[in-house]
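Summary of structural features
Listed below are the residues making up each chain.
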Amino acid sequence: MNDEERELDGGSGGMTRAAFLAGAATSAVAATAAALAPLKDVTDLPSLEEFLQQHYKELTPEDKAAILERISKQVEKDYGVRPNLTDQPPIPGVEFGYALNIGRCIGCRKCVYACVKENNQSRDPQLQYIRVLKMRKGSIDVETSDHHYEGQVPEEGFYYMPVQCHQCRKAPCVKACPVKATWQEPDGVVVVDYNWCIGCRYCMAACPYWARRFNFAQPEIPAGELNPDMGYLSNRPRPKGVVEKCTFCLHRTRNGKYPACAEVCPTGSRKFGNLLDPESEVSQIIKNKRVYVLKEEVGTLPRFYYYFDL
Amino acid sequence: MINDLKDYFVFVGRCLAKTIEGDWRYFLWMTALSAVTLLGLNAYCKQFASGLMVTGMSDQVSWGLYIANFTFLVGMAAAAVMLVIPVYVYKDETLHDVVILGELLAVAVIVMCLLFVTADLGRPDRFWHMVPGIGKFNWPISMLSWDVIVLNGYLALNAHICGYLVYMVYCGRKPAKMWYLPFVFIAIFWAISIHTVTAFLYVGLGGRPFWNSAIVAPRFLASAFTAGPGFLILTLQFIRRLTKYQVSDKALMMLRSIVQVSMVINVFLLFCELFKEFYTDSAHVASAKYLFFGLHGHFGLVPWIWTAMALDAAALILLVLPLSKSLKYLDLACVLAIVGIWIEKGMGMVIPAFVPSQLGEIVEYFPTLNEWLICGGIWAFGLLLYTLFLKMTIPVLTGDLRPAGAAPGGPH
Ligand code: SF4
Ligand code: SF4
C-alpha cells in the first residue's frame, strides 16, 4: 500500500512528506489555540444545573423551588440584595387588558422609565419596552412618526402614541418560536422563559409591533437600582443572548397591583384591568368609547386598545 | 455484516489518506483556507464571549449577514441536487458523472448553513432545546422548526447517496437500485422543500409586508438554480484541469442551459415583484424604496442593490448570447450571476424587511468587521470541506483507488 501511495505521490519522498505533515500539524494546533484565546474572557458559562434545566412547563414544584433558590442566590451574589423571587400563577377567571387614552397622553415618557426601573431592564446598553411615538395630527401612519423627539411636551399639532407589547390573542411571536420558549399564559400575558430561549430572534422578526428586545450584551444594572420584587417569568435579571418583552408587570398585576406604567402616568391615560369582568374599567371603556387597535389588518387581535374621550 | 463494515471503514480510511497527498498548490490552497477559517473561529470566540453586540445588528434590524448567507446557501444546496433530475428522471446520461460532485457540494453547503444558523444564535449553548425528543420542538407550528428538520434530513440523505455510490465505484460493483434510487427521488423533492421552507420562514410573517409575498419561494428557487449550477460549472473546470478526472464539454453546456433558463426566470420574477411594489406605491413600498432609492436620507443598501442589478443584468446578457458557449465568457457570466444573486438574496432580501422597523423607525444595518470575519471563516471552512470531499472521491472515480488486491483500473 505504501509503495502504491508513494508512486502516486510522484516523487516527493515519504520522509520529507512526513516531516512536512508533522510540522503542519504542530502549527495547526498552535494556530487553533491562538484562535480560541478569546474564550478565556467568557464569564457567564452556564452551570451544569442551568445547562440541563428543563422547559418551564416540564418542571415539578420541587424543580421550580430549587430553581428559584438558585436564581435568588445568584442575584444576592451579583447585586448584594436577597430578592423576593416568586413564580406567581395566573388568577383563574382573569384576562388582562390595557386601554390607553390617545387623546390625553402628553408624551412625557414617565411610563418608559418607570418600566425600566420596575422590570430591571439593562441600563447599559439601555433597553426599553415602551416606545412613545410623536405623531402628526391627522395621521395614524407610524412611518411619519418621530421616535426620538426632545424638548417641551406636548407640542402643538402633534399627539403621542405609546407602543408596547399588545399581548396579542393570536400572537405571531408565539407561533414563530422554534422551541416554545415564548407562550401565552391563561391570563393572556405572553411570556418568555429566559432559561429556555435560544436567542434565534425569529419572534422579533414576527412581531408586528416591535415589542421584543434582545440582550445583545450582558445586561448591566447598578446594584442599588435593582428591584428586588421579582417574578420568574417577568422581571428577574436576564442573561445575555435572550429575548425579553413587556409582561404587563405580571409579578405586580397577579398580586392585585397595577402595572408600573399605569401607576406612574400623570395624566391617567393608562387603564388596566380584567377583560372578563364586564364592570371593570377597561371593559367599560371598550364598550363605551371610541376604541381602535394598532395594525388591525395583521389580525393579531391585541389586548391593548387605544381610545378617545368624546 | 461485520466484514462489510470493516471493508467500509478501510475504504473511508484510504480515502482520508488521500487528503494528505498533493502538490504544493494543494497545500497552499488548504493552508490559506485553514488560515481564514481560524480567523473566523477567532472572531466567533469573541462574539461568544461578548455577545452579539459585536455585530451590526440591533433590536430594529435583528437579522443580518448570517441569515443572509444562510438563505443564499440553502439555495446552493438545493440546486446542487437538481443535476440529478435529467440523469434519473429523463435518463439523460450527460450529467451522470457530475451528479456525485453536485451532491457532495450539497453536503458541504448544508454544513455551512448549519454553521451560519449557529453563529446567529444568542445562546448556542442551548442548541439541544431544538433537538426533537429531548428539547421542546415547536413542530409543526414554527417554520423554523421545519427548517431544522428539512436541513438535517437533507444532509443525511445526500451523505448516504454519496457515500453509497462512491463506495460501489470503489468496490467495482454495480450499485443496487434499492439502496440509492428511492433516496435520489426523495432527495429531489427534498431539495425543493428545503428552499421552499426557507422561503416560508419569511413569507409567513404578516407583520413584514416586504416578505409577505407569495412569489418569494419561486424567486428563491429560480435564483438558486442559477447560482448552484453556476458554481458547479466553475468547480468542474478546476477539477478537469487539476486532476485526471474527465468532464466533458457537453456536461458543461448542459449546465449552461440550466443556468440560462433559471436566470431568465429569476430576472422575470424580480421584475414582477418590483412592478407590484412600485406601481401600487402603497405604504408597504417603504422597504423597497429604502432598498433601491434610499428613504428619508438613508441610503445604506442602495449601492448594494444596484451592484447586484448590474451584475444580474450583465450575467443575463452574457448567458442568453451564444457568446457564453465559449467557456471564458460562461465562467465570467457564472461569477457575475453568483455574486449578484448573493447580494440580491442576502442584503437585498433579508435586510430591507427590517427597514423601516415595524413602528416606522429607520435604523440602518452595517455589518461589522467581526461579522465579516465570521462569515469569511464559514465560507473558507465550507470550501475546505468540499475540497476534502473531492480529494477523497476523485481518485475513486478515476479508478486510482481500488480495494487492496484489485488491480488499479482505468477510468470506469
Ligand atoms: S405585540 Fe409582539 S411580542 Fe407582544 S404578543 Fe404581539 S406579537 Fe408577541
Ligand atoms: S429568540 Fe427565543 S423566544 Fe424568540 S423565537 Fe427564538 S427561541 Fe423563541
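Residues numbered from 1 in each chain as written. Chains lettered and ligands numbered in written order. Predicted model: local features only at pLDDT ≥ 70, side-chain atom pairs only at ≥ 80, totals over all residues. Heavy atoms only, no water.

**What about the overall build of chain B?**
Looking only at helices and strands, one finds 13 helices and zero strands in chain B. In chain B, the order of α-helices and β-strands from amino to carboxyl end is α-α-α-α-α-α-α-α-α-α-α-α-α. Over its C-alpha trace chain B gives a radius of gyration of 22 Å, about what one expects of a compact globule, namely 22 Å for 412 residues. The C-alpha extent of chain B, read off along each of the three principal axes, is 75 × 55 × 40 Å. Here chain B holds 412 residues, and the buried ones make up 59% of them. Put simply, of all contacts in chain B between residues at least 6 apart along the chain, 76% involve residues at least 24 apart. For chain B, the exposed area adds up to about 16,500 Å²; of that, 74% sits on carbon and sulfur atoms. Computing the positive centroid from 26 side-chain charges and the negative centroid from 23, chain B places the two 8 Å apart. (Helix = DSSP H or I, 4+ residues; strand = E, 2+ residues; numbered from the N terminus. Rg over C-alpha atoms; globule rule 2.2 N^0.38 Å. Buried < 20%, exposed > 50% of the residue type's maximum accessible area, 1.4 Å probe, protein only. Contact = heavy atoms within 4.5 Å. Areas by Shrake-Rupley, 256 points an atom, 1.4 Å probe, with all protein chains shown as cover. Lys, Arg positive; Asp, Glu negative; His and termini not counted. Charge placed at Lys NZ, Arg CZ, Asp CG, Glu CD.)

**Some points on the interface of chain B and chain A**
Across the boundary between the two partners, chain B contributes 59 residues, which contact 67 residues of chain A. Of the roughly 5,400 Å² buried between chain B and chain A, counting both surfaces, carbon and sulfur atoms make up 60%. Contact with chain A buries area across many residues of chain B, yet Asp59(B), Lys136(B) and Leu359(B) alone supply 15% of it, more than any other trio. At the junction of chain B and chain A, the tally comes to three salt bridges. (Buried area = accessible area lost by both parts, 1.4 Å probe. Salt bridge = Lys/Arg side-chain N within 4 Å of Asp/Glu carboxyl O.)

**Remarks on empty space enclosed by the protein**
Under the defined criterion, the tally for this structure stands at 11 cavities of 30 Å³ or more. For the largest cavity, the lining is made up of 20 residues, of which Lys240(A), Phe48(B), Gly122(B), Arg123(B) and Pro124(B) are closest to its centre. In terms of residue count, helix H2 (residues 24–50) of chain B provides more of the lining of the largest cavity than any other element does, three residues in total. The residue inventory of the lining of the largest cavity, partitioned by class, reads 11 nonpolar, five polar and four charged. By volume, the second largest cavity amounts to about 130 Å³. Every residue lining the second largest cavity is counted, 13 residues in all, and those nearest its centre are Phe210(B), Arg219(B), Leu270(B), Leu291(B) and Gly348(B). Mapped onto the lining of the second largest cavity, the elements with two or more residues apiece are helix H9 (249–280) and helix H10 (286–293) of chain B. At four residues, H9(B) tops the list of elements feeding residues into the lining of the second largest cavity. Looking at the lining of the second largest cavity residue by residue, the classes come out as eight nonpolar, one polar and four charged. (1 Å grid on protein atoms, 1.4 Å probe; cavity = no way out; pocket = protein on both sides within 12 Å on 5 of 7 lines; lining within 4 Å. Points joined across faces, edges and corners; volume = space filled by probe spheres on them. Nonpolar A, V, L, I, M, F, W, Y, C, P; charged D, E, K, R; others polar.)

**Comments concerning the sheet that holds strand S11 (residues 290–292) of chain A**
All names here are of chain A. The four strands are arranged S10-S2-S12-S11 in an open sheet whose pairing can be described as mixed. What marks the edges here is a single partner per strand, and that holds for strand S10 (270–274) and S11. For this sheet, the mean angle separating the axes of adjacent strands, direction not counted, is 30°. As paired strands, strand S2 (residues 96–101) and S10 are joined by five bridges and run antiparallel to one another. Within S10, the residue paired with Leu100 across the bridge is Arg270. Together, S2, S10, S11 and strand S12 (304–308) form the strand contacts of helix H10 (residues 281–288), whose direction differs from that of S10 by roughly 110°. (Pairing = 2+ DSSP bridges. Axes fitted to C-alpha atoms, helices over the stretch in contact; angles between N-to-C directions.)

**Description of the pairing of strand S4 (residues 158–163) of chain A**
Residue and element names in this part refer to chain A. In terms of burial, S4 is a largely internal element, six of the six residues being buried. Burial of the side chains of S4 extends over both faces: Phe158, Tyr160 and Pro162 are buried on one face and Tyr159, Met161 and Val163 on the other. Relative to S4, strand S3 (residues 131–136) runs antiparallel, the two being bridged by six bridges. Within S4, the residue paired with Arg131 across the bridge is Val163.

**A short note on the site of ligand 1**
Around ligand 1 there are 14 residues in total, and Cys165(A), His166(A), Cys168(A), Cys173(A) and Cys207(A) lie nearest to it. Each residue belonging to the shell around ligand 1 can be placed in one class, and the counts come to 10 nonpolar, two polar and two charged. (Near = heavy atom within 4 Å.)

**Description of the layout of surface pockets**
All names here are of chain A. If you add up the space inside the second largest pocket, you get close to 790 Å³. In this structure, the second largest pocket is lined by 26 residues; those nearest its centre are Glu50, Gln74, Asp78, Gln218 and Pro239. For the lining of the second largest pocket, the elements supplying multiple residues, two or more each, are helix H3 (48–52) and helix H4 (61–79). In terms of residues, the lining of the second largest pocket owes the most to one element, H4, which gives eight residues. A class-by-class count of the residues in the lining of the second largest pocket yields nine nonpolar, five polar and 12 charged.

**Thoughts on the side chain of Asn274(A)**
Residue and element names in this part refer to chain A. In this fold, Asn274 is placed in strand S10. In terms of polar contacts, Asn274 uses its side chain to reach the backbone amide nitrogen of Glu95, at 2.9 Å. Discounting residues that sit within four places of it in the chain, Asn274 has contacts with Gly93, Val94, Glu95, Ser280, Val282 and Ser283. (Polar contact = N/O pair within 3.5 Å; in protein donor to acceptor, adjacent residues only side chain to side chain.)

**Overview of the nonpolar core**
Soluble globular proteins tend to pack their nonpolar side chains together in the buried interior. With 217 residues, the main nonpolar core has Met161(A), Trp211(B) and Val350(B) as its most contacted residues. By residue number, the principal contributor to this core is helix H5 (residues 98–120) of chain B, which donates 15 residues. If near-sequence neighbours (up to four positions away) are discounted, Met161(A) is found in contact with Ile102(A), Arg131(A), Val132(A), Leu133(A), Met135(A), Val142(A), Tyr292(A), Leu294(A) and Tyr306(A). One finds Val282(A), Ile285(A), Tyr305(A) and Tyr307(A) within the second-largest nonpolar core, a separate group that totals seven residues. (Core = buried A, V, L, I, M, F, W, Y, C linked by side-chain atoms within 4.5 Å.)

**Structural notes on the site of ligand 2**
Every residue close to ligand 2 is listed here: Cys177(A), Pro178(A), Val179(A), Thr182(A), Cys197(A), Ile198(A), Gly199(A), Cys200(A), Arg201(A), Cys203(A), Arg212(A) and Val243(A). A class-by-class count of the residues in the shell around ligand 2 yields eight nonpolar, two polar and two charged.

**Considering the domain arrangement of chain A**
All names here are of chain A. What the domain assignment lists for chain A is domain 1 (48–86) and domain 2 (96–308). One C-alpha centre belongs to domain 1, the other to domain 2, and the line joining them spans 25 Å. Every contact between the two is made by 18 residues of domain 1 and, on the other side, 17 residues of domain 2. Per-residue buried area on domain 1 facing domain 2 is highest for His55, Tyr56 and Tyr79; these three make up 40% of the total on that side. Between the two partners, domain 1 and domain 2, sit zero salt bridges. Inspection of the domain 1/domain 2 interface yields nine residue pairs in polar contact (both at pLDDT 80 or more). Those elements giving two or more residues to the side of domain 1 that touches domain 2 turn out to be H4 and strand S1 (84–86). For the side of domain 1 that touches domain 2, the element with the most residues is H4, which contributes six residues. The residue inventory of the side of domain 1 that touches domain 2, partitioned by class, reads nine nonpolar, five polar and four charged. (Domains from an automatic or database assignment.)

**With respect to helix H13 (residues 369–397) of chain B**
With 29 residues, H13(B) ought to run about 42 Å at 1.5 Å a step, and its terminal C-alpha atoms sit 41 Å apart, in line with that. A positive backbone phi angle near 90° is found at Gly399(B), which sits one or two residues after H13(B). (Expected span 1.5 Å × (residues − 1).)

**Quick notes on the packing of aromatic side chains**
Each aromatic ring pair is characterised by the separation of its centres together with the angle its planes make. Counted by the stated rule, this structure contains 42 aromatic pairs over all chains. Centre to centre, the rings of Trp63(B) and Tyr202(B) are 6.3 Å apart; their planes meet at 90°, and the pair counts as edge-to-face. Taken together, the residues Trp63(B) in the loop between H2 and helix H3 (65–80) and Tyr202(B) in helix H7 (residues 177–203) connect sequence positions 139 residues apart. Exposure class is identical for Trp63(B) and Tyr202(B). Each is buried. When the ring of Phe278(B) is compared with that of Phe293(B), the centres are 5.7 Å apart and the planes differ by 75°; the resulting orientation is edge-to-face. With Phe278(B) in helix H9 and Phe293(B) in helix H10, the pair connects residues that are 15 residues apart, well separated along the chain. Judged by its relative accessible area of 26%, Phe278(B) is partly exposed. Members of the aromatic cluster, each reached through a chain of ring pairs, are Phe96(A), Tyr98(A), Phe248(A), Phe272(A), Tyr292(A), Phe304(A), Tyr306(A) and Phe308(A). One residue, Arg238(A), lies across the ring of Tyr194(A), its end atom 5.6 Å from the ring centre. (Phe/Tyr/Trp six-rings, centres within 6.5 Å; stacked < 30°, edge-to-face > 60°. Lys NZ or Arg CZ within 6 Å of the ring centre and 35° of its normal.)

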